[in-house]
Amino acid sequence: MWQSGWIVFAAVMMIFGGAMAILEGIAAIRKDDLLVVTNHYAYTFNTTSWGWLHLALGIVVVLAGFALFRGRPWARAIAVFVAGLSMIANFMWIPYYPFWALVLVAIDAFVIWAVCTAGFRRTHAA
C-alpha cells in the first residue's frame, strides 16, 4: 500500500503541475502583465512561443498524470520523461517568472523521485 501511495502522489502532483503549466502558458500567450521580460539574462526567448510550449507540455503532463492514476504499464516511464522535460522547460522559464518556475521544478523533482522509488507490484502465477 505504501508503494502505491507514492504513485498516487506523483499522479496528483503531475495533474497539479500540468494545470499550473497550462495557466503559465495561457498567461504567456496573452502577454499578461504577470510576466516581466528583461534583457539582462544570458538567454532570452519570445514569451508567446514559450507560452505555446508550456501549454502543450502542460496538457501532456496532465494526460500522463491521469495515465499514472489508471496504472498503465508505460505510464511510469512516460511520467519520468515528461516530468524531466517539464523540469527543463521551467528551468529555462526562471528569468520570466522565478517563483512559479521554481515551484514547478520542485514539483517535477518530487514526481520523478516518487515514481522512481515506488516499487513494482509482483504478481505470481498460481
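Before reading further, recall that the structure is shown in the block above.
Reference entry: report on the structure contained in this document.

Looking at the overall build of the protein chain
No. 1: Counting secondary structure elements, the protein chain contains 4 helices and 0 strands.
No. 2: Helices and strands in the protein chain line up, N terminus first, as α-α-α-α.
No. 3: For the protein chain, with 126 residues in total, the buried portion stands at 40%.
No. 4: The long-range fraction of contacts in the protein chain, counting pairs at least 24 apart against all pairs at least 6 apart in sequence, stands at 76%.
No. 5: A total of about 7700 Å² of accessible surface is found on the protein chain, and carbon and sulfur atoms cover 71% of it.

So, helix α4 (residues 98-117)
No. 1: In this model, α4 (20 residues) spans 28 Å end to end at C-alpha, consistent with the 28 Å of a helix rising 1.5 Å per residue.
No. 2: Turning to α4, its buried residues are Trp100, Ala101, Leu104, Val105, Ile107, Asp108, Val111, Ala114 and Val115.

Some remarks on a nonpolar patch on the surface
No. 1: Together, Val8, Val12, Phe66 and Phe69 line one region of the surface with nonpolar side chains, adding up to about 340 Å² of accessible area.
No. 2: Within the secondary structure, Val8 is located in helix α1 (residues 2-29).
No. 3: The class for Val8 is partly exposed, based on a relative accessible area of 39%.

Things to note about the environment of Gly25
No. 1: Counting through the fold element by element, Gly25 comes out in helix α1.
No. 2: The contacts of Gly25, once residues within four sequence positions are left out, are Gly51, His54 and Leu55.

Procedures and definitions
Residues numbered from 1 in each chain as written. Predicted model: local features only at pLDDT ≥ 70, side-chain atom pairs only at ≥ 80, totals over all residues. Heavy atoms only, no water. Helix = DSSP H or I, 4+ residues; strand = E, 2+ residues; numbered from the N terminus. Buried < 20%, exposed > 50% of the residue type's maximum accessible area, 1.4 Å probe, protein only. Contact = heavy atoms within 4.5 Å. Areas by Shrake-Rupley, 256 points an atom, 1.4 Å probe, with all protein chains shown as cover. Expected span 1.5 Å × (residues − 1). Patch = residues over 30% accessible without salt bridge, like charges linked within 9 Å, V, L, I, M, F, W, Y side chains within 5 Å. Salt bridge = Lys/Arg side-chain N within 4 Å of Asp/Glu carboxyl O.

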